[in-house]
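# A structural walkthrough
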Amino acid sequence: MFVGLIGGMHAAPAMAQEDADPISVPADETEEEAAVQEKIYVTGSRIVRDSNLTSSIPVTSLGLEDIQSSGAYNIAELIRDLPSAGVPGLTASTTNFSVFSGGLESIDLRNLGDSRTLVLMDGRRVVPGAPGTSIVDFSMIPPDFIQNIEVVTGGASSVYGSEAVAGVVNIILKDDFEGVELNVRGGSTFDKGGEQGRVSLTTGGPIADKGSFIANVTYDVRGGIFAKDTDYPDDEFYYGAPYGFILNPAYSTYSEFGRFDVGAGGTYSNLVYDNELGEVVTFDDVPGAYGYNRNPNRRILIPQERYSAALKADYELNPYVNLSTTLLYAHVSSDTDIEPYPLSSEDVYDPTGLIAAGAVNGGMPLTNPFIPAEIRDAAIANGYESLPFVRRMSDVAARTGRYDRETLDLTIGLDGDLGDTGWTYNTYINHGRSSSVRIGTGQINVSNLRYALDAEVDGDGNIVCSDPTARAFGCVPVNLFGKGTITPEAAAYIAAPGLRSAETEQTVVQASITGNAFELPAGPIGLAFGTEYRELSTVDQVDALTSAGLNAGNRIDPTIGSYDVYELFGEILVPLIKDAGVIDSVDFEGAYRVANYSSVGTNESWKYGLTSSMFDEQLRFRAVGARATRAPDISDLYSGNSQSFESTVDPCAGIEASTAGDYAAACASLPGVQAAFAADEPFVYDQLETQAQYVFYSGSENLESETSDSYTVGFVYTPHWMEGLTASVDYVNFEIDDAITSLSTTRAARLCIEGGNVAGDPICANIVRDPNTSKILYGFAVPINAATFKTDGIDVQVSYRGDVPTFGNTAADYGSFSARILYGYTNEYEYQSSADSAPSSFMGSVGYPEHKFNVNLGWDKGPLSLGWQTYATSEVDYGTYADCDTALAEYYASLYPGSRCYNLEPEWYLEHSINAAYSIEDWGVELYGSIDNLFDEFVYLPSGLPDSDTGLSTAGGVFDPIGRRYTIGLRKTW
């Protein structure tokens, strides 16, 4: 989490770049260069305009020096330190427990969601890396091929299309490089591991005096870090307010020895067979003998290996036609690790959860010869006909995920002048493909385990599987009694290696032209218009056992879907005033885009704004309003059913015959309710019926596009009296309506009853009731357009670059100094899940601070440059309320030896980093290094707190979970 300090400091004025369709690249210009450069492209627009105009939309830039001096392994780490960045959904620390996202890296602007931030490369779309979504994986972008990064605030759908709701992140690639550059770097934490290294080779030059090329190949690797390598290897559990106690370590009741609850009224409950002692004992879940400490073997940093190759070239075919191409290939491998599988007899025999005394299919047969006699006798004495159990399956396999992802993205374009008309054109075709494969271990084949637990003693005294057909297919009996009792042969028989694969393809074809229409007194009217076609498809499939829900986990169905969209867009720039007293210029700009989706039909987006320059271009005002849209992605529309064992609250529960009102009337139409009334009983659920319920999450083709209205108002100040100083202040405001959210089964059941439980009601179709009892069996939680987001705040950017004052000593040279202060103030962040729910404010909670700072200071003189960066956020509520100085606290501490009272007081989070570089010009060598998180700042949030990521002991997307680390490197040019 580090942003370089030397250079790249100027965030407000937009400068020139050569591509015809990009977000602009700020650059330091000499006076001679500025004089030659009369027309440029500015951020978020295709219209060529005078160079003294500024963007109407706030822009923050990370320059080449920022990237080169950073110790970040992934460029997403740089962007996340910007005040406009929110809590990312995908990081190398927070995806260890994910089903199919391990190792992905994403960006979330304004905390409005990763899918509402559009990521571009040279102003063009990039194939998504997260299957079924629009989310781009930053791991596939080689850092040494990047020139700079532009982050645009505000809705930009009218220029770039769907997803540009919160803003745009544009990765601008290098295109002007001649020679060869070798970059070798390495680094690590100081005490936890996590070593990383990179070797990168970049070369470029002219092509027959008519073009140029630049190419890069990169190999880099990053080691992982386990929780056992940190200062908090064992802490796992949090007792909620008012006690606030941590067990250290906290043990899971899913024991490696197995645990067998066959008690009645507390007798013979929680039995364990200790095979090391040869005795049956009572399980003790206080830190001690038979619990399992889950935390140490969880990763807090996912290891990664990356190969990438990139090429960018252009060639002039004739004075009016230029051919260009960009090719990017990356192969990324990642590994996730969590604790071994916690298996229960419910997973094996009764996935509906109906385990109870007397349930014949509730557990393994009591005839199993591995069952110790004392446990079997206890089960029989208490009326059990089978033996329920839980066990940590550490002797089968670790739960791991090996991810291999491959991305190929190719763009071929033509651009040039339309004769001598002054108009230019740009057209390109892009095709990208990303594939993902995950091979998992540690799951259990429950069908095979059923056969393996139904064992008997044969005529030779050997324990074998009872079913002769299963024996013929290699069945091996499994002994669950004791630690390490499952043989390698038995483990192989019941293991269920998982396989999931996905492929996403995207094709984009775009053509646009831009030029001036005619002259007004204040200058020419600028126009740009064009068309775009885009097609996106995803195929995401799982192995047969997972699809059937037979690997002791939840069932997951395939996701297969596609859509295409045809779009027309246009922009206009109208100069209204020119050189009128103190007013240098006033310009109006507008943009409009209409898109027709095969999935959701037509949607529209637009932008309108004013820019004004005053006092000889020292003060510039800007204001823009925008309508942005986000069409539902493939997972929103076509995601297959994914099973989750959750209960649904039935609005009819507790209804009696005497209950009056509309609810009662609608509930009375259910046959099960009528039967309860006839028996003079209320309609109620017992615990087993509630536990038996489950929910399927899926997509919905009934979705519509989200809409967002945003506006920004601000100014940019570049005073003549202090050369090198630029300051900007902008107020930003967002409101998203019809945001896609999930319709919970509890809410669907309530809406169905409120609607009268009418046959054919699509809401009621989401709830499946037992035809006889009318009790809810399961439901479908489907996405709907119902939520609202609201947020507003102020962005401030101040940058300065100049010589260090010599205080009258004209012979002195103290070098140059640079500073950049980025500040973000959030006034409100409000989320409302539906029109009939109360809005919730997130302000002041973890990830939603009121104030955020990113301060960069730099100094350079001759071959030496130094930098310091501070990232800061204001205090937030960590969700701990313990009063540790009470008799009650002492009492709870005495109950749990090794525990401690815990209460984290809100305070500012400050993370400091430094960097340095030294150039040996005669050798063409630059030596550089950095230390991130210099003072090893860590916010300790034990697992169990609402905002703590499992296994990290902190909020990994908000605070640095890794700690102090260093990077050193060498850059050689020829």
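Note that the coordinates shown come from a computational prediction; the quantities given were computed from them, not determined experimentally.

## Topic: the overall build of the protein
Counting its secondary structure elements, the protein contains 16 helices and 46 strands. The buried share of the protein, taken over its 974 residues, is 55%. Across the protein, every contact between residues at least 6 apart in sequence was considered, and the portion connecting residues at least 24 apart equals 72%. Accessible area of the protein: about 38400 Å², with a carbon and sulfur share of 55%.

## Describing the pairing of strand β30 (residues 583-597)
Regular strands place side chains that alternate from one sheet face to the opposite one. In this sheet, β30 lies alongside strand β29 (residues 559-580) in antiparallel orientation, the contact comprising 14 bridges. Note that in β30 the partner of E571 across the bridge is A591. As defined by bridge partners, β30 adjoins strand β31 (residues 601-614) across 14 bridges and the pair is classed as antiparallel. In the strand pairing of β31, A595 is matched with N603. What sits between the antiparallel neighbours β30 and β31 is a turn of three residues.

## Considering the packing of aromatic side chains
Following the criterion strictly, the structure yields 26 aromatic pairs and no others. An angle of 80° between the planes, with centres 5.8 Å apart, marks the rings of Y778 and F780 as edge-to-face. Accessibility expressed as a relative area gives 22% for Y778, which makes it partly exposed. In this structure F780 comes out as partly exposed when scored by relative accessible area, which is 22%. Ring plane angle 35° and centroid distance 6.3 Å describe the contact between F853 and W908, whose orientation is recorded as tilted. Taken together, the residues span a long stretch of sequence, with F853 in strand β41 (residues 851-861) and W908 in the loop between β43 (900-901) and β44 (909-920) at a distance of 55 residues. By relative accessible area, F853 is classed as partly exposed at 27%. Following the ring pairs from residue to residue traces out a cluster consisting of F789, Y829, Y831, F842 and Y848. Its guanidinium or amino end placed over the ring of F190, R964 lies 5.6 Å from that ring's centre, counting from NZ or CZ.

## Structural notes on the nonpolar core
Counting 43 residues, the largest nonpolar core has I79, F138, I141, I146, I149, V169 and I171 as its most contacted members. Taken together, the elements giving at least two residues each to this core come down to α3 (76-79), β4 (117-121), β6 (146-153), β7 (167-173), β18 (321-338), β36 (725-743), β38 (776-803) and β39 (816-832). Per element, the largest residue contribution to this core is four residues, and it comes from β36. With near-sequence residues (within four places) excluded, I146 lies in contact with L64, I67, I75, I141, I171, I172, L173 and K174.

## Points about the environment of Y608
By secondary structure assignment, the location of Y608 is in strand β31. Spatially, the C-alpha atoms of Y608 and Y711 are 9.5 Å apart, while their sequence positions differ by 103 residues. When neighbours within four sequence positions are excluded, Y608 is seen to be in contact with F588, E589, G590, A623, V624 and G625.

## Quick look at the pattern of salt bridges
Taken as a whole and assessed by the stated rule, the structure comprises 35 salt bridges. Of the charged contacts in the structure, one is a salt bridge between E339 and R298, with a shortest N-O distance of 2.8 Å. With a gap of 41 residues between them, E339 in the loop between β18 and β19 (342-344) and R298 in the loop between β15 (279-282) and β16 (299-301) connect regions that are remote in the sequence. Judged by relative accessible area, R298 falls into the buried class, the value being 3%.

## Let's talk about the pairing of strand β34 (residues 694-697)
Of the pairings in the sheet, the one linking strand β33 (residues 642-644) to β34 comprises three bridges and is antiparallel in character. Note that in β34 the partner of Q643 across the bridge is F696. Strand direction decides the pairing type here: β34 and β38, joined by four bridges, are parallel. Across the sheet, Y697 pairs through a bridge with A781, a residue of β38.

## A look at the state of the cysteines
Under the definition given, this model contains three disulfides. Sulfur-sulfur distance for the disulfide between C652 and C667 comes to 2.0 Å. Disulfide C652-C667: the torsion about the S-S bond is -90°, which places it as left-handed. Placement of the pair is C652 in the loop between β33 and α12 (662-667) and C667 in helix α12, with a sequence separation of 15 residues. A sulfur-sulfur distance of 2.0 Å marks the disulfide that ties C752 to C764. Sign of the S-S torsion, about 100° for the bond between C752 and C764, identifies this disulfide as right-handed. Here C752 is found in helix α15 (residues 745-754), whereas its partner C764 is found in the loop between α15 and β37 (767-769), with twelve residues between them in sequence.

## A few points about helix α6 (residues 373-381)
Owing to its 3.6 residues per turn, the α-helix aligns residues three or four sequence positions apart on the same side. Residues of α6 that are buried include every one of I375, A378 and A379, and no others. Buried residues of α6, seen end-on, are gathered within an arc of 100° and therefore sit on one face of the element. Just beyond α6, the residue with positive phi is G383, at close to 85°.

## Topic: the confidence of the model for the protein
Across the protein, the average pLDDT comes to 87, with 88% of residues at 70 or higher. Here residues 1-38 is modelled with pLDDT under 50, and outside its nearest four sequence neighbours on either side it reaches 155 contacts, counting other chains as well. Predicted confidence is poor over residues 351-361, with pLDDT under 50, and the contacts of this stretch with residues over four places away or in other chains come to 30 contacts.

## So, the environment of I740
Locating I740 in the fold gives a position in strand β36. Its relative accessible area of 14% is what places I740 among the buried residues. For the pair I740 and I784, spaced 44 residues apart in sequence, the C-alpha to C-alpha distance is 5.4 Å. Ignoring any residue separated from it by four or fewer positions in sequence, one finds I740 in contact with R116, R630, P632, D636, L703, E704, E706, P783, I784 and N785.

So, how was this worked out
- Residues numbered from 1 in each chain as written.
- Predicted model: local features only at pLDDT ≥ 70, side-chain atom pairs only at ≥ 80, totals over all residues.
- Heavy atoms only, no water.
- Helix = DSSP H or I, 4+ residues; strand = E, 2+ residues; numbered from the N terminus.
- Buried < 20%, exposed > 50% of the residue type's maximum accessible area, 1.4 Å probe, protein only.
- Contact = heavy atoms within 4.5 Å.
- Areas by Shrake-Rupley, 256 points an atom, 1.4 Å probe, with all protein chains shown as cover.
- Pairing = 2+ DSSP bridges.
- Phe/Tyr/Trp six-rings, centres within 6.5 Å; stacked < 30°, edge-to-face > 60°.
- Lys NZ or Arg CZ within 6 Å of the ring centre and 35° of its normal.
- Core = buried A, V, L, I, M, F, W, Y, C linked by side-chain atoms within 4.5 Å.
- Salt bridge = Lys/Arg side-chain N within 4 Å of Asp/Glu carboxyl O.
- Disulfide = S-S within 2.5 Å.
- Arc of directions from axis to C-beta.
- pLDDT = per-residue confidence, 0-100.

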